[in-house]
Amino acid sequence: MTANGWLQILLLLLVVLLITKPLGAFMARVFSRERTWLDPVMRPVERLIYRLTAVDEDHEMEWPEYALSLILFSAVSMLVLYVMERVQQWLPWNPQKLAGVAPALAFNTAASFTTNTNWQSYVPETTMSYLTQMAGLAYHNWVSAAAGIALAVAFIRGIARREQKTIGNFWVDMVRGTLWILAPLCLVGALVLVSQGVVQNLKAYDTVQLVDPYQTPQLGADGKPVNGVDGKPAMQTVTQQMIAQGPTASQEIIKELGTNGGGFFNANSAHPFENPTPLTNFLEMVCILAIPSAFTYTLGKMTGSPRHGWAVWAAMVVLLLAGVTTAYWAEARGNPLVTAAAQHGSQQNSSLQQGSLQLDSLKYASSHAAGQSIGNLEGKEVRFGVANSVLWATITTDTSCGAINAQHDSFTPLGGMVPMINLMLSEVIFGGVGAGMYGMLVFVILSVFIAGLMVGRTPEYLGKKIEAYDVKMAMLVILIFPLVILVLTAISVLFNFGTSSMANAGPHGFSEVLYAFSSAVANNGSAFGGINANTPWYNISMGIAMLLGRFMMILPMLAIAGNLAGKKHVPASLGTFPVTGPLFTVLLISVVLIVGALTFFPALSLGPILEHLLMQAGKTF
Amino acid sequence: MKKNLITSVLMTVVTTLLFGLLFPLAVTGLAQVLFPKQANGELLTRNGSFIGSQLIGQPFSSSGYFHSRPSAAGTGYDAGNSGGSNLGPTNQSLIARVQGDADRLQAENPKFPIPPDLLTTSGSGLDPHISPEAAEFQVPRIAKERGLSEDRVREIVRQHTESRQFGFLGEPRVNVLQLNLDLDQIAPKRP
């Protein structure tokens, strides 16, 4: 760990802190339908959209209609994406003449982008046409994010309103979210990214002549090296490099701002065309955290209790810092097996037997004390280094983003466990745009309930009594989540159709599967990327897991919102547990951690924890 | 139900036109006018033909060139198929690869410990950079191959060393392709 690394980490949090209040207050105005400075431009567009889509903007919905509208919209737009993938070979903007996408993969991808997951079982540059990326995948980045924002706003209204049955209009919330919040930030942000080198074009891939052509074994049709007439492996000379292009910046910006995470290229934000400089890296991280962080202020503002918003923010920041500290420590410390191999080359086996591994690591580390700190650089870019890679890995899984700037699969066991745990805490540490807010509010309700049990009073939350129905629905959210993850992981590791996709042996292979289903159900989309998920089993089971993870969370959550909206306001009394101070923050953190730990600790001990112990003992697979 | 279904269909059409087509096409138009070089991948030309992108790494194996990091993209630096090795920390293939590379590099320059970025693949497989330490590690070889003094080579490396952006963002780094192109200009003696 270096001082500069920590400076960059703390600077990011400072910038996020500074934008939380202005952006959160602006969002509160937008969703309370108050005037904003964007109205002269956006109001006419908004009215036009409602006219074209037969929306009555003054109509208020009860929670079942709100949920139905979301589900219908998701179903229709998911179907359109599926069809678009299947027929892309006949549609324009396909300069590489890419074929239609196979049915199972097209289903998985359609489910993935509709649910804001952006899990990718495919290599984008060899699978998806420019049109599919723009009008199919990036399009869903917009609307799935806007839907998440709408749902969080509906939940906040449920808390704020008194003795009303309605919680807003889904169409209006979604349209206002895209026009007032996403569109202006994306337009400016996309151009800033282009100025730094993120590509934005519609041309065919470029082919360049390599400065230094190289020899590589010739591969046959089966992907294996072929032998020449002399019986030695035949070699071929590679003289050219094909460089994938495309409309990247316009997708990159909404991918981060909408916490979607689906890369335009396979390497995602590790790719120099998606994330060319440390500045783009910093701005993309700010975009990932901006709206989820601002939502805490919107919550405080719309419910008339700003200090409650900040108490929730504080809980999120504490959990974020705990994650990034652990991951930074583990990755900066590096992989002792690689360190020994680096110092001893192929003679390291003898040193392993003598048990001098750790001594060697120390010697190696001190010999580098003056230079760039060593640490685990496998799967990481030089321009980002260890600090920016672990920071990105932490926030992309704290939120539901899932974009990556380093390969999580090659992190050390404990470094890789941090993103995994973040997913398992169901992404409430800032969380997805909107999704993180309503996810955290479920934990807030649980915390208030537990506090109520401790003092033996009916729990209250911001003037609303929390009763059996609300707690049952909250528990439903909390139980469905691990149930889907653990059951599907268990099935996958029992049968060959699951284990044959693992890229690494030993406990790491188990970690790959566990991470995949955690990522799917949490609607994150990042991966331990070695796993080959483009198989019928993973495409279909994960597609279903993503849909369950999205909609089976939303329904109970909206039911709570609808129920809360109808309740009377109860004035705070001496017996009310305050939800504004450090005591509440600590309780909230504890509840999040205890629920997560109790549920997933056994699975984690079979994966990353076991692998860490074996790595320390010098074991490889 | 029926009313909301109709709205769902219409809303999908209207928002696809707005955010799926109008937005990316507008950004493309603006980008091509305001930042044409960046929007097209910062391609470099030599003798009239494209020889690479400033942002995308290339494999270098001749001893007269500074070498890039190992790459897991395709057969190496395949910019049509980006990605990392995804080898886990206890994977035998990872350890064997590092051992093999370490043997080779240590034989080339026994005096210095090997910079870790030369032993590890990047996340993209297209990393255009190496650390300043990794460039320094290769200076003796380049000086010998190109018939330059080590200090002259160090001078060229220094010119291509980028410090942290604004002094604090990211890590110091050297763009390998640009460094090698410059080397060809200054000392065109090919090995």
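Here is what the cut-offs are and how they apply
- Residues numbered from 1 in each chain as written.
- Chains lettered and ligands numbered in written order.
- Predicted model: local features only at pLDDT ≥ 70, side-chain atom pairs only at ≥ 80, totals over all residues.
- Helix = DSSP H or I, 4+ residues; strand = E, 2+ residues; numbered from the N terminus.
- Rg over C-alpha atoms; globule rule 2.2 N^0.38 Å.
- Buried ≥ 20, exposed ≤ 12 C-beta atoms within 10 Å, placed from the backbone.
- Contact = placed C-beta atoms within 7 Å.
- Pairing = 2+ DSSP bridges.
- pLDDT = per-residue confidence, 0-100.
- Domains from an automatic or database assignment.
- Nonpolar A, V, L, I, M, F, W, Y, C, P; charged D, E, K, R; others polar.
- Expected span 1.5 Å × (residues − 1).
- Core = buried A, V, L, I, M, F, W, Y, C linked by C-beta atoms within 7 Å.

As a further point, take the overall build of chain B. In terms of helices and strands, chain B carries 6 helices and 5 strands. A compact globule built from 191 residues would reach a C-alpha radius of gyration of about 16 Å, whereas chain B, at 22 Å, exceeds it by more than 25%. Considering only C-alpha atoms, chain B reaches an extent of 75 × 45 × 35 Å along its principal axes. Out of the 191 residues in chain B, the part that is buried amounts to 52%. Intrachain contacts of chain B at a sequence separation of at least 6 include 53% that bridge at least 24 residues.

Helices and strands together make up the secondary structure of chain A, namely 21 helices and 4 strands. Computed over C-alpha atoms, the radius of gyration of chain A comes to 25 Å, within 12% of the 25 Å expected from 2.2 N^0.38 for 621 residues, which places it in the range of a compact globule. Expressed along its principal axes, the backbone C-alpha trace of chain A runs to roughly 85 × 60 × 45 Å. For chain A, the residues scored as buried account for 59% of the 621 residues in total.

Turning to the sheet that holds strand E4 (residues 161-162) of chain B, a few remarks are in order. All names here are of chain B. The strand order across the open sheet formed by 3 strands is E3-E5-E4, and the pairing between neighbours is antiparallel. Looking at which strands have only one partner, the edges of the open sheet turn out to be strand E3 (129-130) and E4. Examined bridge by bridge, E4 and strand E5 (residues 173-175) share 2 bridges and lie antiparallel to one another. Across the sheet, Thr161 pairs through a bridge with Val174, a residue of E5.

Once that is clear, we can look at the confidence of the model for chain A. Caution is warranted with low-pLDDT regions, since their predicted coordinates should not be read in detail. The share of residues in chain A with pLDDT of 70 or more is 96%, and the mean pLDDT across the chain is 92. Taken together, the stretch residues 348-373 of chain A has pLDDT below 50 and engages in 35 contacts with residues farther than four places along the chain or on a different chain.

On to the domain arrangement of chain B, then. By a widely used convention, the size of an interface equals the accessible area lost when the partners come together. According to the domain assignment, chain B consists of domain 1 (1-40) and domain 2 (41-186). Domain 1 of chain B and domain 2 of chain B are separated by 39 Å when their C-alpha centres are compared.

At the interface, 109 residues of chain A touch 96 residues of chain B. With 8 residues, the single largest contributor to the side of chain A that touches chain B is strand E1 (residues 206-217) of chain A. Residue classes in the side of chain A that touches chain B are distributed as 58 nonpolar, 41 polar and 10 charged.

For the rest of this paragraph, the subject is the pairing of strand E2 (residues 49-53) of chain B. All names here are of chain B. In terms of strand pairing, strand E1 (residues 43-46) meets E2 through 4 bridges, oriented antiparallel. The residue bridging Thr45 from the neighbouring strand is Phe50, located in E2. The turn linking E1 back onto E2 is made up of 2 residues, and Asn47 within it adopts a positive phi angle of 50 degrees.

This part takes up helix H4 (residues 103-114) of chain A. Residue and element names in this part refer to chain A. For H4, with 12 residues, the first-to-last C-alpha span of 16 Å sits near the 16 Å given by 1.5 Å per residue. When you tally the buried positions in H4, you get 10 out of 12 residues, the bulk of the element. Among all positions in H4, only Leu105, Ala106, Phe107, Asn108, Thr109, Ala110, Ala111, Ser112, Phe113 and Thr114 are buried. Those residues of H4 hidden inside the fold are in contact with helix H3 (63-86), helix H6 (130-160) and helix H20 (536-565). Phi for Asn116, located one or two positions after H4, is positive at around 65 degrees.

Residue and element names in this part refer to chain A. In this fold, Val442 is placed in helix H16 (residues 435-455). For Val442, a count of 23 C-beta atoms within 10 Å puts it in the buried group. For the pair Val442 and Phe600, spaced 158 residues apart in sequence, the C-alpha separation works out to 19 Å. Dropping the residues within four chain positions of it, Val442 is found in contact with Ala474, Val477, Ile478 and Met557.

Our focus in this paragraph is the nonpolar core. In terms of nonpolar packing, the biggest core is built from 205 residues, with A:Val442, A:Ile445, A:Met557 and A:Ala561 touching the most fellow members. If one sorts the elements of this core by residue count, H6(A) sits on top with 21 residues. Here this core spans two domains, and each of domain 1 (1-40) and domain 2 (41-186) of chain B adds at least three residues to it. Those residues in contact with A:Ala561 that sit more than four places away from it in its chain are A:Trp63, A:Ala154, A:Phe155, A:Gly158 and A:Ile167.

This paragraph deals with unusual backbone geometry. Even without a glycine there, the phi angle at A:Ala54 is positive, about 60 degrees. In this fold, A:Ala54 is placed in the loop between helix H2 (39-53) and H3.

All names here are of chain A. With respect to the element layout, Val80 can be found in helix H3. Take Val80: there are 21 C-beta atoms within 10 Å of it, and that puts it in the buried class. Separated by 30 residues in the primary sequence, Val80 and Ala110 have C-alpha atoms spaced 8.7 Å apart.

On to helix H14 (residues 385-398) of chain A, then. Along its 14 residues, H14(A) runs 20 Å from first to last C-alpha, staying within 8% of the 20 Å computed at 1.5 Å per residue. Extensive coverage of H14(A) is indicated by the burial of 14 of its 14 residues.

With that out of the way, let us pick up the confidence of the model for chain B. Averaged over chain B, the pLDDT score is 94; the fraction of residues at 70 or greater is 98%. At the level of chain-chain contacts, confidence expressed as ipTM amounts to 0.96, with global pTM at 0.94.

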